[in-house]
Amino acid sequence: MGVSEISNRSERADRRPGRMSRRGVLAVLGTVPAAVLTGCSGSADASEGTDAKAGASTKAEVKTPTVTVTPADGTKKAGFTSPVEVTVSDGTLASVEVSGNDGSTLAGSFNDARTKWTSTKNPYSGTKYTVTATPKGAAAQSASFVTKQPSDTFVGYFTPEANSTSGVGMPVSINFTEAVKDRAAVEKAITVTPEPAVEVVGHWFSDTRLDFRPEEYWAAGTKITLSLRLKDVEGTTGVYGTQSKDVTFHIGRRQISTVDLAKKTMTVERDGSTLASYPVSGGDADHTTWSGIMVISERFKQTRMESSTVGLGDEYDISDVPHAQRLTTSGTFIHGNYWASTSVFGSTNTSHGCVGLHDAKGANDSSVPGYKFYAASMLGDVVVVKNSGEKTVEASNGLNGWNLSWADWKAGSAL
């Protein structure tokens with residue numbers, strides 16, 4: 001009976017609001033450790049879910065570096081007047097290589113953050129380039145583009161010829177096929193390097209002619225290298241150079257010939273010693289010979305000389321002038337003369353402005369002065385004329401820039 005009573009009280013007690021049985025209390029208390037573990041480390045299912053979210057978050061934060069090349073990959077007619085640029089987002093650049101299908105490469109530099117690389121020089125026109133950029137810790141990425149060809153171009157024709165040997169007075173003279181407006185850009189793209197070394201400066205005689213020379217005549221035996229880096233240099237608006245080459249030539253022995261038209265003689269000195277002395281005849285009172293320093297610029301064993309070509313009408317036309325060597329563009333030569341009496345040479349100036357030496361018709365008599373002087377001469381040799389009664393020849397009239405002082409010569413440079 002007592003048992004039933006306890007049982008009934010328990011049931012009544014369980015049914016009272018807000019009261020729990022001992023079993024219920026234990027049951028609740030039993031769940032506390034589980035709740036605490038869940039909060040600290042989670043159940044198996046909860047752990048998997050949390051790791052999955054964490055993994056997704058990590059993957060979202062790690063981005064692959066993206067490289068951008070300018071000009072853009074695949075461009076067929078890219079510009080060539082701006083440098084190549086390579087940039088990277090979400091990373092830094094470990095290396096950049098730019099190579100052309102002509103075998104050239106473009107050097108460049110990075111910014112401080114190594115997120116941008118810029119080529120030191122512009123790409124060449126008409127060239128296919130491949131860019132290989134490697135971000136730090138990532139695979140290399142490549143791009144390629146082709147630069148367009150310029151529509152208008154110019155070149156420079158140079159004197160002396162490649163691999164030739166000239167006299168000590170030979171300047172490096174360049175004549176351009178188009179007028180040059182940006183003289184500084186063009187002159188900067190041309191260098192003349194002598195061995196042994198000496199200062200060489202350019203001088204513009206016009207917008208199509210640029211000459212280079214040292215202060216004094218070249219030293220005998222000098223090796224000269226002309227470097228033309230005119231390719232893609234804009235000489236005038238929209239007109240670009242095409243040449244990128246090196247040319248070498250040499251200076252031979254030192255020969256200076258002095259013509260004194262008061263004495264009607266010419267003295268030839270070679271390497272400091274007198275080689276020969278010849279009687280000559282210069283221009284008469286009505287056709288005086290230019291005075292000053294002149295350089296032999298052309299040589300002909302025989303040539304035709306016609307007065308109409310130098311503005312003298314029909315005064316003469318000689319088809320076979322022997323041993324003619326040009327001294328000016330305007331028509332001054334030092335040449336052989338077979339049609340005048342031998343007595344003229346050394347006594348009278350009778351020519352139309354040239355310097356004449358006794359010679360033989362046919363240019364084959366090795367015993368006469370005209371033949372001997374021609375055989376002893378070369379392009380670039382210096383001929384100095386004095387006491388002619390004429391003013392000094394213009395520096396631009398032939399290869400005769402030596403008539404300018406060094407200060408005046410340097411004043412003609414664009415640099």
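As a reminder, the structure under discussion sits directly above these lines.
In this text, all values refer to a predicted model and were calculated from it rather than measured experimentally.

Participant: Can you walk me through the packing of aromatic side chains in this structure?
Facilitator: Two aromatic rings are characterised by how far apart their centres lie and by the angle between their planes. Considering all chains together, one arrives at eight aromatic pairs under this definition. Summarising the aromatic geometry, the rings of F205 and W409 are spaced 5.8 Å apart at their centres and angled 75° between planes, so their arrangement reads as edge-to-face. In this pair, F205 sits in strand β13 (residues 201-206) while W409 sits in helix α6 (residues 406-411), placing the two residues 204 residues apart along the sequence. Note on F205: relative accessible area 22%, which makes it partly exposed. Accessibility expressed as a relative area gives 1% for W409, which makes it buried. Centre to centre, the rings of Y278 and F373 are 6.5 Å apart; their planes meet at 70°, and the pair counts as edge-to-face.

Participant: Explain the environment of K391 to me, please; I cannot follow it from the model alone.
Facilitator: Tracing the chain through its elements places K391 in the loop between β27 (382-386) and α6. On the basis of relative accessible area, K391 is assigned to the exposed category, the value being 52%. In contact with K391, not counting residues within four places along its chain, are W290 and S291.

Participant: Explanation requested: the side chain of N337 in the structure shown.
Facilitator: Structurally, N337 can be placed in strand β25 (residues 333-337). Among the residues examined, N337 registers a relative accessible area of 10% and is labelled buried. Within the structure, the side chain of N337 is placed 3.0 Å from the backbone nitrogen of A340, a separation counted as a polar contact. Aside from chain neighbours lying at most four places away, what touches N337 is P322, F345, L357, H358 and D359.

Participant: Help me understand the sheet that holds strand β11 (residues 172-176) in this model?
Facilitator: Sheet strands pair by backbone hydrogen bonding; their relative direction is either parallel or antiparallel. Spatial ordering of the open sheet is given by β9-β11-β14-β13, a layout of four strands whose pairing is antiparallel. Each having just a single partner strand, β9 (156-159) and β13 make up the two edges of the open sheet. With direction set aside, neighbouring strand axes in the sheet form an average angle of 20°.

Criteria and thresholds
Residues numbered from 1 in each chain as written. Predicted model: local features only at pLDDT ≥ 70, side-chain atom pairs only at ≥ 80, totals over all residues. Heavy atoms only, no water. Phe/Tyr/Trp six-rings, centres within 6.5 Å; stacked < 30°, edge-to-face > 60°. Helix = DSSP H or I, 4+ residues; strand = E, 2+ residues; numbered from the N terminus. Buried < 20%, exposed > 50% of the residue type's maximum accessible area, 1.4 Å probe, protein only. Contact = heavy atoms within 4.5 Å. Polar contact = N/O pair within 3.5 Å; in protein donor to acceptor, adjacent residues only side chain to side chain. Pairing = 2+ DSSP bridges. Axes fitted to C-alpha atoms, helices over the stretch in contact; angles between N-to-C directions.

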